[in-house]
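Read off the chains here:
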Amino acid sequence: VEVDESPARQEFSIELDPAVSVVGKVMDGNGAPVFGARVSLVPRLEADFNDRTGARRTYRQMFEETKRTQTNVDGEFRLDEIASFLSFTLTVHHSDFLPFESESIEMSREEGVHQVELLLSRGTVLETHVFNAEGVALAGGRVYVERRITEDERRVRESQSAANSDGLNRDVRR
């Protein structure tokens, strides 16, 4: 915006991008709502942001913050005041489920409200207590858990590795 230095009154207008909202529902694999899930909207800003929009970095920084909320008893959430020019991912965390991260979602000015449904997969909760040799609980003790592959998984990996006739070893994991 350029303003003439003369004392006369000048009018000008500034057009701002409209903010949009993301509303959604978080459900388990059976379609039941998940209460208390932490939902985060994480902006994904491209390196060419300044070239694409002509915006200053200080303007960009205002929209780099991650927005967070929790689902209600119906598994619903709402995130407001999201810049319409952003693309983002949604992440969901709940102690009873595996962490979830969406694919990149593009916002548009015309959209106004972007609706999503997110399905979580059940996780395994492992509760442990660490004791010393005398049976006294140790505060801050750590337990490391590793997944062992089954004999069938090992055979499949070996056959997939051996099946590569070009000499390259490709480790295919499922």
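Throughout this document, residue positions are counted from 1 along each chain, in the order its sequence is written. Only residues with pLDDT of at least 70 are given local features in this predicted model, and only at 80 or more are side-chain atom pairs given and counted; all residues enter the totals for whole chains, interfaces and linings. Derived side-chain values reflect all non-hydrogen atoms in the structure, with water molecules and hydrogen atoms excluded from consideration.

1. Quick word on the side chain of Ser40
Under the convention used in this document: Only DSSP runs of H or I with at least four residues qualify as helices, and only runs of E with at least two residues qualify as strands; both kinds are numbered from the N terminus onward. Per-residue accessibility, obtained with a 1.4 Å probe over protein chains only, is compared with the maximum for each type, and a residue is labelled buried under 20%, exposed over 50%, and partly exposed between these values. Here, residues are in contact when the closest pair of their heavy atoms is within 4.5 Å.
Inspection of the secondary structure puts Ser40 in strand β2 (residues 38–44). According to the relative accessible area criterion, Ser40 is buried, its value standing at 10%. If sequence neighbours within four positions are ignored, Ser40 has contacts with Thr66, Lys67, Arg68, Thr89, Leu90 and Thr91.

2. Digging into the environment of Gly140
Summarising the element assignment, Gly140 is placed in the loop between β8 (113–119) and α3 (151–162). You can call Gly140 exposed: its relative accessible area is 68%. The spatial distance from the C-alpha of Gly140 to the C-alpha of Val130 is 8.4 Å, given a sequence separation of 10 residues.

3. Description of the pattern of salt bridges
Formally: Within this document, salt bridges are pairs made up of a side-chain nitrogen of Lys or Arg and a carboxyl oxygen of Asp or Glu, the two lying within 4 Å of each other.
Following the criterion strictly, the structure yields 1 salt bridge and no others. For the salt bridge of Arg78 with Asp80, the shortest nitrogen-to-oxygen distance reads 2.8 Å. Residue class for Asp80 comes out partly exposed when judged on its relative accessible area of 36%.

4. Concerning the pairing of β8
Put simply, the rule reads: DSSP-based pairing: two strands are paired if at least 2 bridges between them are found.
Every second residue of β8 is oriented toward a common face, the buried set being His114, Val116 and Leu118 and the non-buried set Val113, Gln115, Glu117 and Leu119. Judged from the 7 bridges that link them, strand β1 (residues 19–27) and β8 form a sheet pairing that is parallel. By the bridge assignment for β8, Met27 is matched with Leu119.

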